[in-house]
Amino acid sequence: DTAVSQTPKYLVTQMGNDKSIKCEQNLGHDTMYWYKQDSKKFLKIMFSYNNKELIINETVPNRFSPKSPDKAHLNLHINSLELGDSAVYFCASSQQLGTEAFFGQGTRLTVV
Amino acid sequence: GESVGLHLPTLSVQEGDNSIINCAYSNSASDYFIWYKQESGKGPQFIIDIRSNMDKRQGQRVTVLLNKTVKHLSLQIAATQPGDSAVYFCAENGQGAQKLVFGQGTRLTINP
């Protein structure tokens, strides 16, 4: 069983398009995150949610809008995609904020 | 401020040798640290963690050392194997912080 699963794994799209990445965790965790990993492998948190409530928004452009319909899901919608949005996006979950996080396999987003 | 960094971005070792990966952190209030391993095309995976009330913690073939005086963390891998090839990240959770802050990452390559 996959603990944290995100779809799609690869996403290639044109500038200006709107796209979504879905994430689900079956670990029963209360907290979920979105991280962005750039070409130099640097991992930076974007958002964290605890019990469906937004806790952290790390000065991410408002073109990025996370949505948590329930504790097991945290989706990421991106409007008006830009070239600089190209990266690998990781969803993660943990029992509590700031504790050991379990990561999904990542979504490689390429904006052309 | 928040900063978790690594001394070496790349490390090459001979198969069977021991590997040491280092990490410096700047937040003296951090009380929880994790080492993650990220293999190509996958998300980061938990290796071992340590709390600030400990100096050393051992797992299977891995040891984490924490020196709070100089804010330094290291991961030792014994008898390095080809499967250890990956990028290794340290992460910290500052006291009261609600997120994990990741370091830059070190790419470990194993020479046969």
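Residues numbered from 1 in each chain as written. Chains lettered and ligands numbered in written order. Predicted model: local features only at pLDDT ≥ 70, side-chain atom pairs only at ≥ 80, totals over all residues. Heavy atoms only, no water.

S.K.: Quick question: what am I supposed to make of the overall build of chain A here?
M.R.: Across its full length, chain A carries 0 helices and 11 strands. Counting from the amino terminus, helix and strand elements in chain A follow one another as β-β-β-β-β-β-β-β-β-β-β. The C-alpha atoms of chain A give 13 Å as radius of gyration, which agrees with the globular expectation for 112 residues (13 Å, within 12%). Principal-axis analysis of the C-alpha atoms gives chain A an extent of 35 × 30 × 25 Å. In chain A, buried positions account for 46% of the 112 residues. Within chain A, residue pairs in contact and separated by at least 24 positions form 55% of the contacts whose partners lie at least 6 positions apart. Accessible surface computed for chain A: about 5600 Å², of which carbon and sulfur atoms make up 47%. (Helix = DSSP H or I, 4+ residues; strand = E, 2+ residues; numbered from the N terminus. Rg over C-alpha atoms; globule rule 2.2 N^0.38 Å. Buried < 20%, exposed > 50% of the residue type's maximum accessible area, 1.4 Å probe, protein only. Contact = heavy atoms within 4.5 Å. Areas by Shrake-Rupley, 256 points an atom, 1.4 Å probe, with all protein chains shown as cover.)

S.K.: How do you make sense of the state of the cysteines when you look at a structure like this?
M.R.: Simply put, the disulfide is a covalent bond whose two ends are the sulfur atoms of two cysteines. All names here are of chain A. For the structure shown, the criterion picks out 2 disulfides over all chains. Across the disulfide, Cys23 is cross-linked to Cys91 (sulfur-sulfur distance 1.8 Å). When the S-S torsion is -75 degrees, as for the bridge of Cys23 with Cys91, the disulfide is left-handed. Taken together, the residues Cys23 in strand β3 (residues 19-25) and Cys91 in strand β9 (residues 87-94) connect sequence positions 68 residues apart. On the basis of relative accessible area, Cys23 is assigned to the buried category, the value being 2%. (Disulfide = S-S within 2.5 Å.)

S.K.: What exactly am I supposed to notice about unusual backbone geometry here?
M.R.: Note: most residues except glycine have negative phi, and most peptide bonds are trans. Residues and elements named next belong to chain A. The linkage connecting Thr7 with the following residue, Pro8, adopts the cis geometry, with an omega of 0 degrees. The backbone phi angle of Lys52 is positive, close to 75 degrees, even though this residue is not glycine. Within the secondary structure, Lys52 sits in the loop between β5 (43-50) and β6 (53-57). Within the chain, Ser80 stands out as a residue other than glycine whose phi angle is a positive 45 degrees.

S.K.: Please clarify how the interface of chain A and chain B should be interpreted in this entry.
M.R.: For an interface, size is often stated in terms of accessible area lost upon the parts coming together. Of the residues lining the interface, 22 residues belong to chain A; the matching set on chain B comes to 18 residues. Between chain A and chain B lies a buried interface of about 1600 Å² when both sides are counted; carbon and sulfur atoms form 57% of it. Broken down residue by residue, the surface that chain A buries against chain B is led by Lys41, Gly98 and Glu100 of chain A, which jointly contribute 30%. Counting across the interface, chain A meets chain B through 1 salt bridge. (Buried area = accessible area lost by both parts, 1.4 Å probe. Salt bridge = Lys/Arg side-chain N within 4 Å of Asp/Glu carboxyl O.)

S.K.: Is there a simple way to explain the environment of Val101 of chain B in this structure?
M.R.: Residue and element names in this part refer to chain B. Its location among the elements puts Val101 in strand β10 (residues 101-102). Given a relative accessible area of 17%, Val101 falls into the buried group. Separated by 60 residues in the primary sequence, Val101 and Gly41 have C-alpha atoms spaced 21 Å apart.

S.K.: How should the pairing of β5 of chain A be read in this particular structure?
M.R.: In summary, the side chains of a regular strand alternate between the two faces of the sheet. Residues and elements named next belong to chain A. In terms of residue burial, β5 counts as a mostly covered element, since 6 of its 8 residues are buried. Relative to β5, strand β4 (residues 31-37) runs antiparallel, the two being bridged by 7 bridges. Within the sheet, the bridge partner assigned to Gln37 lies in β5 and is Leu43. As consecutive antiparallel partners, β4 and β5 are separated by 5 residues, and within that stretch Lys41 has a phi angle of approximately 75 degrees, a positive value. The pairing of β5 with β6 spans 4 bridges and is antiparallel. (Pairing = 2+ DSSP bridges.)

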